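Okay, here's what each chain looks like letter by letter:
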Amino acid sequence: MKVKSPLEVYNFLPRTNCKECGYDTCMSFASHVLDRSAKVLDCKPLVKDAEKDPKVKEKLDKLIEITSPEIAEVVVGVGDKAIKIGGEEVLHRHELTFFNPTAFFFDVWDTLDDKKIQERCERVVNYKKFYVGKYLTLDGFAVRCTSNDPKRFKEVAKKVASYGKPMVLIALNPECMKSALEEVANQKPLIYAATEGNWKEFMKLALDYKVPVAIRAKDLNVLKSISATFKSAGIKEIVLDPVTEPLGEGLQGTFERVVQLRRKAILDGDKDVAYPILITPISAWLIEGDEVTKAYWEAVIAGMFIVKYGDAMIFHSIDQHVVMPTLTLRFNIYTDPRTPVQVAAGLKELNSPGPEDPVFLTTNFALTYYTVENDLNSAKIKGWLLVVNTEGIGVEASVAGGKLTASKVKEIIQETKIAEKVNHKYLVIPGLAARLQGAIEDETGWKVLVGPIDSGRVKGWMEKNWPPKK
Amino acid sequence: MANKYTLEDFLKLLKEYNVERLEDVKIEGDLEIELEGSAVDLSSITALYSLLSEFRNFFYHTSMALNYLQRISTMFGVPAPLQAPQVQAVAPAVAPAPVAVVPEIKLPEKLIEAKFESPKIEYPGVIEEVVLGATKADGGTRDYVVKLGGEKSLAFYIFDKPQPNLPAIAIDVFDRPPSLAKAVKVHYEDVVGSPAEWAKKCVKKFGADMVTIHLVSTDPLLENTPASEAVKVIEDVLQAVKCPIIIGGCGNKDKDPEVLEKAAEVCEGERVMLASATLDMDWARICEAAKKYGHVVLSWTQMDINNQKTLNRYLLKRAGMPRNSIVMDPTTAALGYGLDYAFTNMERIRISGLKGDTDLNFPISSGTTNAWGARESWMTDSPLEGDTPWGPRELRGPIWEIITGLTLSLAGVDVFMMMHPLAVAVLKEIFNTLGGKVKGGVADAGKWITAEV
Ligand code: B12
Ligand code: SF4
């Protein structure tokens, strides 16, 4: 956003400190607008005044303008599955954070038979991978018109739409695109793509059906010309595809184009190119080689541009060796570096434990906690899990850094009154905290058992070590 | 019937709908806009109003207004006839039945010709260039040297400044059988137990630029091999391969300085990298040995830019290390296990160095083998029932190492210590590609749009 200090926002606010926005002062609200944890429209008094007074309205509009993201935000899809892309502010995540994770769209094509289409769609819809307290899922579909038959494309688009996920419709032939839009425009798909050859028709389609549109051009002058033209024609939801070339100089050139597009938008404030960028890792399937080579290279291209400015991607492979690493990378890169990821400390009951069940210990680093909780839950282990406040640091680092200590363990034992809930005094600590064994025993009087290094192995460990031999 | 709709009427309409600031609009000439149709869809008026207020800043001159009208009619989809007489029908309740007549939409016929001027960024700083290995000419026995660093721009931004040295890859070799993921172990089974053979395989078969020999057996908690004994292995390795080498200790802060000191001695003239000096050990002793025998020191901190700065300063100012003899390891965390911390820490370090912080402008090293610590890389399948099955781990493991390395290469890493041969090969390909060393590409990058895969 254009503004750099809360004061610049503050000057636009009513300055009454009425607290309606949920913040104590207008200044506090202003600083949250600045880091994008609050929205201008949350200041209700300002909005209400604007409805009555055109002068205030003007002020409000100005404020919205100067606090809007550097890169336009584009919404694909409708309802609660709709996905936002773009909306970025910075070139490096430590300068603030990256906001809208790269959207992953998976390939379905209309010359595939219906049963295969169903299989692919179901795999995408049902995909999940547990990570840091929630399941990572896939965002949507890219429906390609390989038949060049408007009727078939429409039919398949409709079928895929029934899965309720956001879609990219892919056809360079405007007739095919129009045919599909007649059926699914209300799902607000992203249409791909306007090119130097068909931009007029696509401009009309985007306007008529009110859908976001992707522009595809390798020459950045052309890309910018089309987007400037679309912008002036009143199209707001534009996505830029500077053409992903999968190999050699081509890929190097793609890297350059992507970096330059984003730098141009953010450093030079060029609004003609301040739109989300679309990358097509699917292009990797054009290279020579076997399926694993292609899939690996698809993951490589995706990885490159998850780190560098890809806001949406089209994938062909739905194999785990492509999906899992890229999905995890996306999560990592888009994690907000300003806030430590931690959970509340305390006692967590696993699978309705009884007094004879084991007591485990872990830290409140979200990654650690959720990994452990899920490992134990899915192994159907009954037990009591003590979560120590290590200020969001994992086991090994918190032992090394003095955030997990015997006295902290003593505290949590007392606070949670765990001794009253179980009929034994055995505490299972993580293998990586083994060196605290003696100290904890001395401090708490509990007998400490050193568990495995990885919580995924507690089940096997239990078979040998629980109940403890006296 | 076709109604003549003049700009005056248009402005009147705008006034009626309370659009401000139009006083400023200059009307030149007598433009007329023709519209067809006989009814106004009242529901479109609200939309019109909000659109107008959003766009009012753009009303600079009449042609803009003209353009704008056309745009509005397009935006309303097909039946959005705007017609002067009906517009005064402010009573919203009685909307006359709209007659679907397609208006003539005039969209731009030509592209606005825009030029994209690529931005160029110049940094004041430069990353030190550090040479590993020494050939005969320089008093060593290596066949070639490996140069690290020398960048004047972010990694692979060769459009800003050429990148003098692409990242190098060193494969890990251990002096005792390490515990390794199965997918990695299978590639080294035949050479475990013979570091010299192991090193040879890394270079000859897997294309390593260098090898790192980790003297893990010196660990007091393991074999506790004495320093003088342990370093014999290095002599074997130096015989077996002619690439520059890196020597790693066991990580014990009391033992490592002694071991690395001894290693420095037996490697005199070979310009090896001693890994590592850390804040909590006798770094001065390691540096003394490095200076005496002409080696490079790896300055290792745990993901903390300030600690990295502190340790580098110690090495420079207190231990008097030459600037061309320091490489940094700011610590690598695997994909999914802290990679975000590692990436951002390295990226910040690199940017600081380029911006002119002379405590941080050294080449960066990454222990990418850490990727194999991530359960996703080595477990046969997910321990969680809810997960979609993880697929064959033989395929998951290497890509975990690749993506970890790739990500950190974009943060600025100059030398990777890694293990899986496939990961080594793929990362090499990536570096050569982004470094502009791979010619060609595919003939038609748009083919996927219609290809049946
Ligand atoms: C990310 C990281 C950091 C991040 C921490 C991020 C965070 N929020 O935790 C930061 C940068 C902050 C950090 C700081 C430090 N770090 Co650090 N860090 C790492 C790193 C790279 C990954 C750790 C991690 O997140 N693992 C993933 C989590 C999920 O693992 P986990 O918590 O251990 O949980 C697993 C197991 O313990 C087990 N488990 C957990 N609970 C339970 C419970 C039971 C009952 C059982 C059976 C099992 C179990 O299962 C879990 C899943 O596998 C490691 C190196 C590495 N590659 O492993 C170094 C590492 C842990 N750090 C280390 C050090 C020294 C530090 C610092 C002291 C460095 C310093 N001087 O600043 C500080 C201390 C911080 C502090 N103030 O306390 C050292 C520890 C060395 C040692 N063994 O003593 C390591 C090993 C690096 C190294 N090789 O030297 N670190
Ligand atoms: S709601 Fe608006 S006026 Fe009230 S405190 Fe918040 S920012 Fe200030």
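Structural data are supplied above this passage.
(A) Summary view of the packing of helix α10 (residues 248-267) of chain A against helix α11 (residues 291-307) of chain A. Residues and elements named next belong to chain A. Look at α10 against α11: their axes get within 11 Å of each other, and the N-to-C directions meet at 25°. Viewed along their axes, α10 and α11 adopt a mutual orientation that is roughly parallel. Of the two elements, α10 crosses α11, and the hand of that crossing is right-handed. Between α10, through L251, T254, F255 and V258, and α11, the contact on the second element is made entirely by W297, I301, M304 and F305. For the contact of α10 with α11, the per-class residue count stands at seven nonpolar, one polar and no charged.

(B) Quick peek at the site of ligand 2. Residues in contact with ligand 2, as listed here, are P14(A), T16(A), N17(A), C18(A), K19(A), E20(A), C21(A), C26(A), F29(A), C43(A) and P45(A). For the shell around ligand 2, a count of residues per class yields seven nonpolar, two polar and two charged.

(C) The interface of chain A and chain B, seen in detail. Listed by partner, the interface residues are 101 residues for chain A and 90 residues for chain B. Of the roughly 8300 Å² buried between chain A and chain B, counting both surfaces, carbon and sulfur atoms make up 64%. Per-residue buried area on chain A facing chain B is highest for R263(A), L286(A) and Y296(A); these three make up 8% of the total on that side. With a closest N to O distance of 3.1 Å, K380(A) and E385(B) form a salt bridge. There are 32 residue pairs in polar contact (both at pLDDT 80 or more) connecting chain A and chain B. Broken down by element, the residue count for the side of chain A that touches chain B peaks at 13 residues, all from α10(A). Across the side of chain A that touches chain B, the residue classes break down as 45 nonpolar, 29 polar and 27 charged.

(D) Examining the sheet that holds strand β14 (residues 359-363) of chain A more closely. Residue and element names in this part refer to chain A. Read from one edge of the open sheet, five strands run β13-β15-β14-β16-β17, paired in mixed fashion. With one partner strand each, in any of the chains shown, β13 (346-350) and β17 (447-450) form the two edges of the open sheet. Across the sheet, the axes of successive neighbouring strands diverge by a mean angle of 30°, strand direction being ignored. The pairing of β13 with strand β15 (residues 383-388) spans five bridges and is antiparallel. Note on β15: the bridge partner recorded for K348 is L385. Sheet contacts for helix α15 (residues 406-416): β13, β14, β15 and β16 (426-429); angle to β15, the most-contacted strand, approximately 125°.

(E) View of the state of the cysteines. Enumeration according to the criterion identifies zero disulfides over all chains in this entry. A disulfide-free cysteine, C202(B) has its sulfur positioned 8.8 Å from the sulfur of C243(B), the nearest such atom.

(F) Focus on the pattern of salt bridges. This model, assessed by the stated rule, comprises 48 salt bridges over all chains. Notably, a salt bridge pairs R36(A) with E89(A), separated by 2.8 Å at the nearest N-O pair. Of the two residues, R36(A) is situated in the loop between α2 (26-34) and α3 (44-52) and E89(A) in the loop between β2 (83-86) and β3 (103-109); the sequence distance between them amounts to 53 residues. E89(A) gets classed as buried once you look at its relative accessible area, which sits at 7%. Across the salt bridge formed by D454(A) and R375(B), the nearest N and O atoms sit 2.7 Å from each other. Of this pair, D454(A) sits in the loop between β17 and α17 (458-465) while R375(B) sits in helix α13 (residues 375-378), which puts the two residues in different chains. When its relative accessible area of 17% is taken as the criterion, D454(A) is described as buried.

(G) Highlighting the packing of aromatic side chains. The tally for this structure, following the rule as stated, stands at 20 aromatic pairs over all chains. Pairing Y192(A) with W448(B) gives two aromatic rings, centres 5.6 Å apart and planes at 45°, and the pair type is tilted. One end of the pair, Y192(A), is in strand β8 (residues 190-194); the other, W448(B), is in the segment after α15 (421-434), on a second chain. Grouping residues by exposure puts Y192(A) and W448(B) together as buried. Geometrically, the ring pair formed by Y188(B) and F206(B) is edge-to-face, given 5.7 Å between the ring centres and 85° between the ring planes. Highlighted residues: Y188(B) in the loop between α5 (182-185) and α6 (195-205) and F206(B) in the loop between α6 and β6 (210-214), separated in sequence by 18 residues. Neither Y188(B) nor F206(B) differs from the other in exposure class; each is buried. Three or more aromatic residues link up through ring pairs in this structure, and these residues are F255(A), F305(A), Y157(B) and F159(B). Note that R15(A) overlies the ring of Y10(A), its terminal NZ or CZ placed 5.8 Å from the centroid.

(H) Seen up close, the sheet that holds strand β12 (residues 312-315) of chain A. All names here are of chain A. Ordered by their spatial adjacency, eight strands build an open sheet running β10-β9-β8-β7-β6-β3-β12-β11, and the pairing between neighbours is parallel. Looking at the sheet topology across the chains shown, the edges are occupied by β10 (238-241) and β11 (278-279). The pairing of strand β7 (residues 167-170) with β8 spans three bridges and is classified as parallel. For L169, the partnering residue across the bridge sits in β8 and is I191. Its contacts with the sheet put helix α8 (residues 199-209) on β8 and β9 (213-216), and the angle it makes with β8 is roughly 160°.

Calculation criteria
Residues numbered from 1 in each chain as written. Chains lettered and ligands numbered in written order. Predicted model: local features only at pLDDT ≥ 70, side-chain atom pairs only at ≥ 80, totals over all residues. Heavy atoms only, no water. Axes fitted to C-alpha atoms, helices over the stretch in contact; angles between N-to-C directions. Helix = DSSP H or I, 4+ residues; strand = E, 2+ residues; numbered from the N terminus. Parallel < 35°, antiparallel > 145°, perpendicular 65-115°, else oblique. Left-handed = near helix turned anticlockwise from the far one by under 90°. Contact = heavy atoms within 4.5 Å. Nonpolar A, V, L, I, M, F, W, Y, C, P; charged D, E, K, R; others polar. Near = heavy atom within 4 Å. Buried area = accessible area lost by both parts, 1.4 Å probe. Salt bridge = Lys/Arg side-chain N within 4 Å of Asp/Glu carboxyl O. Polar contact = N/O pair within 3.5 Å; in protein donor to acceptor, adjacent residues only side chain to side chain. Pairing = 2+ DSSP bridges. Disulfide = S-S within 2.5 Å. Buried < 20%, exposed > 50% of the residue type's maximum accessible area, 1.4 Å probe, protein only. Phe/Tyr/Trp six-rings, centres within 6.5 Å; stacked < 30°, edge-to-face > 60°. Lys NZ or Arg CZ within 6 Å of the ring centre and 35° of its normal.

Function cannot be inferred from these measures alone, as they are strictly geometric.
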